[in-house]
Structures are given as structure tokens and as C-alpha cells.
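Chain by chain, the residues:
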Amino acid sequence: MSETSRETVAKSAPQRALEKLGLTRDIDRVLHLPLRYEDETRLDPIQALRDGDLGQVEGVVTERRIDTHPRRQLLAWLRDDSGELVLRFLNFHAGQQKALEPGVRLRARGELRVGFFGREMVHPSLKGVAEGAPLAQTLTPVYPTSAALPQAYLRKVIASALRRTPLDELLPPGCVPAGLPPLREALRLLHEPPPDEALEPLQDRSHAAWQRLKFEELLAQQLAQADAHRERQLLRAPPLPTPDGDNAPHSLHTRLQAALPFALTEAQQRVCTEIDADLTRHSPMHRLLQGDVGSGKTVVAALAAARAMDAGWQCALMAPTEILAEQHFRKLVQWLEPLGIQVAWLTGSRKGKGRRLMLEQVANGQALLVVGTHAVIQDDVVFARLGLAIVDEQHRFGVAQRLALRAKLADQQLEPHLLMMSATPIPRTLAMTYFADLDVSTIDALPPGRTPVVTKVFADSRRDAVIGRIRDEVTKGRQVYWVCPLIEESETLDLQNATQTHQQLSAALDGTAVGLLHGRMPAADKAAVMAQFSSGALAVLVATTVIEVGVDVPNASLMVIEHAERFGLSQLHQLRGRVGRGAVASVCVLLYTAPLSDAGKARLRAMAETTDGFEIARRDLDIRGPGEFMGARQSGDALLRFADLQQDTALLEIARRWAPRLWQDHPAAAHAQVERWLGGRQAFLKA
Ligand code: ADP
Ligand code: MG
């Protein structure tokens with residue numbers, strides 16, 4: 001019978017429950033593995049069990065009664081050759097009472113306690129047996145299940161699926177790491193372990209049989225990713241060749257690089273080379289540029305944009321917020337307008353005639369470089385020749401929005417190259433599993449001359465001292481951010497909080513220009529405040545998290561984050577990245593209000609201990625687990641059921657090496673492996 005066979009009888013409640021758990025195909029059922037085991041393979045003499053032992057005893061009921069003092073409970077005495085114990089039920093039904101009829105022979109399993117009645121088991125599981133009834137031959141699996149799906153039923157369904165499913169070895173010799181059993185053997189062992197099998201390696205999943213399953217799962221996932229990668233290779237993008245010969249010195253790219261007020265760091269040069277190589281190809285680039293906050297991603301983006309324009313194609317740069325988009329816009333205008341390039345500005349708040357005119361220029365190809373928020377990818381925006389799309393802070397950008405980019409080219413046969421930028425580095429193991437379809441470039445060093453930010457954690461009671469510190473900085477001609485938390489339930493409260501802090505600081509810092517920036521302000525007002533802060537007209541800026549990403553004011557040397565315990569770790573890291581952008585030593589003060597949760601404590605500790613974005617990301621992963629870390633993308637099914645990305649990196653490496661080889665040399669096996677493990681879930685993986 002094939003692995004995809006289904007039972008065809010009309011659906012009962014447990015069958016619907018099976019479906020709900022995704023246990024329809026035989027293969028899905030055999031891949032539903034026990035949480036733990038019960039040992040029904042042996043009997044313990046009653047007298048041999050000690051306080052706290054888990055055991056199974058068999059005996060005859062000698063007495064049964066219902067006590068009402070100190071509370072209502074059902075008691076039954078069970079006797080074997082060695083002694084006697086009490087079975088005790090605090091809640092019970094008539095069926096149980098009946099099952100404990102004196103004279104009946106029973107097996108009882110549970111934890112032995114020594115209590116008021118002597119030896120007892122409270123709420124043991126019971127089974128009526130005939131004398132000499134055989135014991136279980138294997139350990140009894142306990143499966144994860146739902147209320148609607150009785151354990152015994154699930155056991156039967158899985159056992160029969162296990163007997164039916166062929167579970168042929170799909171993988172060629174050499175692929176499976178040495179020492180791991182064949183799949184069929186591994187599954188049999190995990191579902192039906194022999195009585196003498198040690199429980200610990202089974203339950204902590206270190207057993208070779210578990211390793212085999214984890215490897216299979218990781219391999220299936222790597223195969224699916226490799227497949228997505230290959231499919232993308234079949235798509236066409238406009239090649240954006242590097243100008244050469246006589247043209248090269250006049251190219252925008254060359255002129256831009258010459259005009260920059262600084263030299264690129266080695267890390268920046270390296271990632272530029274990687275990006276340039278992608279852009280010359282006929283298949284679309286799909287690259288993630290990661291670099292810690294302040295590492296200088298914007299200039300890399302600008303140089304990539306120059307490549308596109310040199311080749312006669314348009315480039316779009318998108319950012320998640322207007323403030324951030326505006327910053328990019330200013331930077332690009334500053335760099336490119338002297339070189340004769342008009343930068344177009346497109347956001348949601350731009351309406352009416354200005355917008356219509358802009359859209360026209362985008363559609364007829366006159367606007368070569370378009371900067372904006374998500375508005376850039378709205379329906380009515382069509383590009384004549386979009387060659388490159390750059391998305392900043394890609395983790396804030398939904399998959400759907402990224403996919404919408406594909407429809408942006410007038411020529412539907414072509415896709416633009418895609419460069420995504422992120423300051424939240426993805427730990428390597430996650431990148432390998434969830435983003436195997438993405439090429440990654442990393443800026444791993446900050447521009448020279450930066451002094452690392454010193455982070456201090458203070459209780460909110462020290463607010464006045466912190467305000468004194470602000471005064472000192474301002475006197476030295478430096479600038480200060482004060483960040484108020486986002487109160488999720490209430491934007492109004494949020495605003496109130498920021499407004500109050502603004503008043504408090506204005507009063508305390510008499511004579512200092514204090515600005516206020518929050519999410520409810522009209523875009524134009526936000527931009528105006530931000531411009532005043534950038535120019536130094538405002539010394540202190542009280543802001544909600546609208547300044548979270550990408551804002552660049554090098555003279556800001558102090559950041560205070562109020563209620564820091566309410567922020568996520570990567571958010572704190574992003575915020576802190578707004579200071580320490582110039583040569584002056586900068587400080588970030590995290591104010592918290594007690595009591596702190598464990599996770600809150602862990603986050604603040606991480607912030608105080610390191611400024612390295614990769615280390616922060618690793619700790620974030622530790623605190624939150626991969627599902628949450630990845631956010632929306634992984635909000636569907638947990639993609640990995642068995643493997644653990646932090647523990648099973650060795651297996652992951654092997655799977656990753658083999659995936660492309662399997663597609664190449666054993667395509668049928670690769671297909672079967674993906675089908676076996678991922679069934680209908682591939683589409684999700686490709687999103
Ligand atoms: P991020 O990677 O966080 O987006 P930015 O691109 O905003 O960082 O760069 C941070 C600051 O560093 C900017 O002021 C930028 O002009 C400056 N910068 C970028 N590259 C260099 C470099 N090679 N040398 C000196 N300063 C640089
Ligand atoms: Mg940036």
C-alpha cells in the first residue's frame with residue numbers, strides 16, 4: 001500500500017480529531033512520535049515499590065468502600081503475594097466503582113506513595129486482566145494528542161500505520177551519517193521500544209533513532225529550500241552589467257564613490273563586490289545584506305542603485321516608515337543630486353497632483369531612483385524598467401509585500417533584482433534553515449573611529465540623576481534621545497506618556513530646546529521635527545518608537561529608554577544603534593520599572609553585556625525560541641518538529657551539503673523525501 005493511502009470509512013469524531021492534528025496520511029501518522037513511554041512490560045511486587053516509584057502491580061481487589069471524611073473518595077485494597085496497597089480516587093464515576101468490585105483481578109499503574117492509608121496509588125490507571133494474562137512486549141508509547149482523540153485509539157491507528165507503511169530507504173548510501181539506523185528501524189524503535197531499552201536517550205531525544213529522524217527532517221527541509229532556489233534560478237532578470245572601457249570613469253557608480261566623504265571599509269567593499277556579481281546575471285538577485293546598526297548599509301544600497309542606473313534601469317528603495325524613508329531620501333539626494341540624478345519621493349501621504357506626476361515619471365522611466373515607504377509597491381505604481389528593488393529593514397516588511405514587487409515590472413517576463421537589508425542579523429543556523437533560498441552578505445565591521453556605546457541599566461527611581469546627565473551632555477553641545485515605550489493597548493496612553501515626559505524634560509532643562517516626536521503626528525510635522533533635530537536646533541528629542549530604525553544623527557551621544565523592560569531585545573538594539581554614530585563616546589541608559597519578569601531581566605542583561613548585534617540575535621533566539629524570533633513568516637506551522645536548530649547543527653550541516661547533490665544525482669529520491677516529510681507544505685516554504 002502506498003504511503004498516501006487514507007482510511008475511507010465515514011468519519012467518526014476521533015477521525016476528525018486525527019485530521020485536525022494533520023494525521024491523515026499513514027506517513028504522517030508514523031511520524032507522530034511519542035512524548036514518553038509507560039512500562040507495562042513487567043509487574044512489580046507491591047512490597048518492592050518504594051515511596052515515589054512508578055510501577056505496575058497486579059492483584060485481586062479485597063475490599064472497596066467510599067469514605068466521606070475527610071473528603072469523599074473511593075478506596076479499594078489490592079493484594080498480591082507480597083502485600084497490599086490502596087487505590088484511591090478523589091473524583092470517580094460509577095464505572096470506576098464497578099471496576100473495583102472485590103474479587104476482580106486488576107493491573108494498576110501509577111506512582112506509589114506512602115500516605116494515611118499506608119501504601120497507595122492515587123488515580124492509577126487500571127486494567128482488568130485474567131490470571132496469567134501476557135504482559136506488553138514493548139514499552140507503551142504516550143503520544144501528544146487532543147481531548148477528542150483518546151490515547152488508546154491513537155496508539156492503534158499509529159501501530160497499524162506503522163505496519164502498513166513501507167518506509168523504504170530513500171537515501172543513497174553515504175548520505176545518512178554513520179551510526180544511524182535505517183528509517184524503518186528507527187521508527188519501529190521509537191514507537192515500540194523493547195522493554196530493556198534505556199528510557200533517557202529516548203525521552204531526551206539523543207538516541208540514534210531520534211538522530212535519524214532529525215536528520216531526515218532537516219534533509220527534507222534543505223531539499224525543499226534547494227528546490228525553491230533552483231526554481232528562482234529559472235526566473236529572468238535584466239542583467240545590469242558593470243560599465244567598462246571608456247564609459248567606466250564617467251559612470252555614476254565611479255563618480256559617486258569618488259564623491260563620498262569617506263572611503264568604504266573593507267567589509268563594505270566585499271559586500272559591494274558580491275552584489276555587483278549578482279547584478280550582472282540574468283537571474284534575479286535575492287540577497288540579504290545584513291550588518292549591525294551603523295555599519296553603513298545605506299551607502300552600499302546607493303552604490304547598487306548606481307549600478308542599476310548606469311545600466312539604464314530604474315531602482316526603488318523602500319523603508320518601513322516615513323521617517324526612515326525620508327532619511328534615505330535626504331542621504332541619496334545629498335549624494336546623487338550633485339551628480340545630476342533626480343531622486344523621486346513616493347509615500348502614502350503624498351497625494352493628489354504631485355503623486356500623479358510622480359507616478360507618470362515612474363511609469364515612463366524618467367524617474368530613475370524612487371525612494372519611499374511601502375507606497376512604492378501599491379497597485380497604481382508601475383515602473384517602466386524596474387531593475388533593482390532595495391528593501392530596508394526587511395524583517396518589518398511582509399512576505400506579501402515582497403511578492404508584490406514581482407508584479408511591478410511592465411514586462412511580466414522579468415523580475416527585478418532584490419536586495420534586502422537588515423540590522424537584525426539572522427543567526428547562521430536560522431539563516432540556513434529558513435532562508436536557505438537567500439544569499440547573504442554581511443558587513444561584519446563598523447566604520448573606523450566609532451567608540452562603542454556604554455549601556456547602563458537603572459531603576460526608574462534614578463530618573464532625576466539621569467536628567468542631570470542630560471543637562472551635562474547638552475552643555476557640551478551634544479544631543480539626546482529620550483525614548484518612550486509603545487503601550488500596545490492604547491495609543492492614547494502612549495501619547496500621554498510621551499507628552500508628559502516632554503513637559504517634564506522641558507521644565508527640568510530650562511532653556512534647552514526639547515522636541516517631541518510621536519506616531520500620531522502628521523508626516524510633515526514629523527519630518528520637520530526630525531529635520532530640526534538633525535540640524536541641531538533641537539538638543540533633546542522625546543520620541544516614541546517611531547525613531548526605532550535607521551535614523552542617523554551622529555552628534556547624538558546619549559539615549560535614554562524609558563520602561564526598557566517593555567521592549568523586545570532586537571528593538572532595544574535598534575534603538576541603541578541611534579547613538580554611537582560619531583566619534584564621541586556615547587551612553588545608552590535603560591530605565592526600568594520593577595518588578596522585572598525573567599525574560600525582561602534576561603533582555604536588559606544582554607543589552608548591558610554586549611553591543612554585538614549577532615550576539616544579541618543569538619540571545620534573542622535563546623529567550624524567545626525560533627518560532628517567535630522569525631515572526632510572521634513562521635507563524636504558520638512550526639517547520640521543524642524534531643530537530644532543534646541550536647542542538648542539531650552538525651546534522652544540519654550534513655543535510656545542507658547533501659541537498660544539492662541529491663537533486664543532482666538522485667532527483668527521484670529527493671522528490672520522494674520532500675513529499676514524505678513535507679506533504680502539502682512546500683508552498684509555505686517558498687513564500
Ligand atoms: P546602517 O547600516 O545602520 O543603515 P548607515 O548606512 O546609516 O548605517 O551608516 C551609519 C553612518 O556611518 C552614516 O552616517 C554613514 O554616512 C556613515 N558611514 C558609512 N560608511 C562609512 C565609512 N566607510 N566610513 C565612515 N563613515 C561611514
Ligand atoms: Mg539603515
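Going by the structure above, here's the rest.
Residues numbered from 1 in each chain as written. Chains lettered and ligands numbered in written order. Predicted model: local features only at pLDDT ≥ 70, side-chain atom pairs only at ≥ 80, totals over all residues. Heavy atoms only, no water.

A.B. asks: Outline the packing of aromatic side chains, listing residues and values.
C.D. replies: We describe a pair of aromatic rings using the distance from one ring centre to the other and the angle between the two ring planes. Scanning all chains against the criterion turns up 6 aromatic pairs. Where Phe 329 meets Trp 345, the ring centres are 5.1 Å apart and the plane angle is 35°; that geometry is what we call tilted. Of this pair, Phe 329 sits in helix H11 (residues 322-336) while Trp 345 sits in strand E11 (residues 343-346), and the two are 16 residues apart along the sequence. When its relative accessible area of 16% is taken as the criterion, Trp 345 is described as buried. Ring centres of Tyr 481 and Phe 533 lie 5.0 Å apart, and the angle between their planes is 55°; this geometry places the pair in the tilted category. Taken together, the residues Tyr 481 in strand E17 (residues 479-483) and Phe 533 in helix H17 (residues 523-535) connect sequence positions 52 residues apart. An identical accessibility class is assigned to Tyr 481 and Phe 533; each is buried. (Phe/Tyr/Trp six-rings, centres within 6.5 Å; stacked < 30°, edge-to-face > 60°. Helix = DSSP H or I, 4+ residues; strand = E, 2+ residues; numbered from the N terminus. Buried < 20%, exposed > 50% of the residue type's maximum accessible area, 1.4 Å probe, protein only.)

A.B. asks: Before we move on, could you go through the sheet that holds strand E12 (residues 369-372) and cite the residues and values that matter?
C.D. replies: Strand order in the open sheet made by the 7 strands is E11-E12-E10-E13-E14-E9-E15, with parallel pairing throughout. Each of the sheet's edge strands pairs with one partner strand only, and the pair in question is E11 and strand E15 (439-443). Taking each pair of neighbouring strands and ignoring which way they run, the sheet shows an average axis angle of 20°. Of the strand pairs in this sheet, strand E9 (residues 286-291) and strand E14 (residues 417-422) are connected by 5 bridges, and their pairing is parallel. Note that in E14 the partner of Leu 289 across the bridge is Met 421. Running over the sheet, H11 touches strand E10 (314-318), E11 and E12 and is turned about 170° from E11. (Pairing = 2+ DSSP bridges. Axes fitted to C-alpha atoms, helices over the stretch in contact; angles between N-to-C directions. Contact = heavy atoms within 4.5 Å.)

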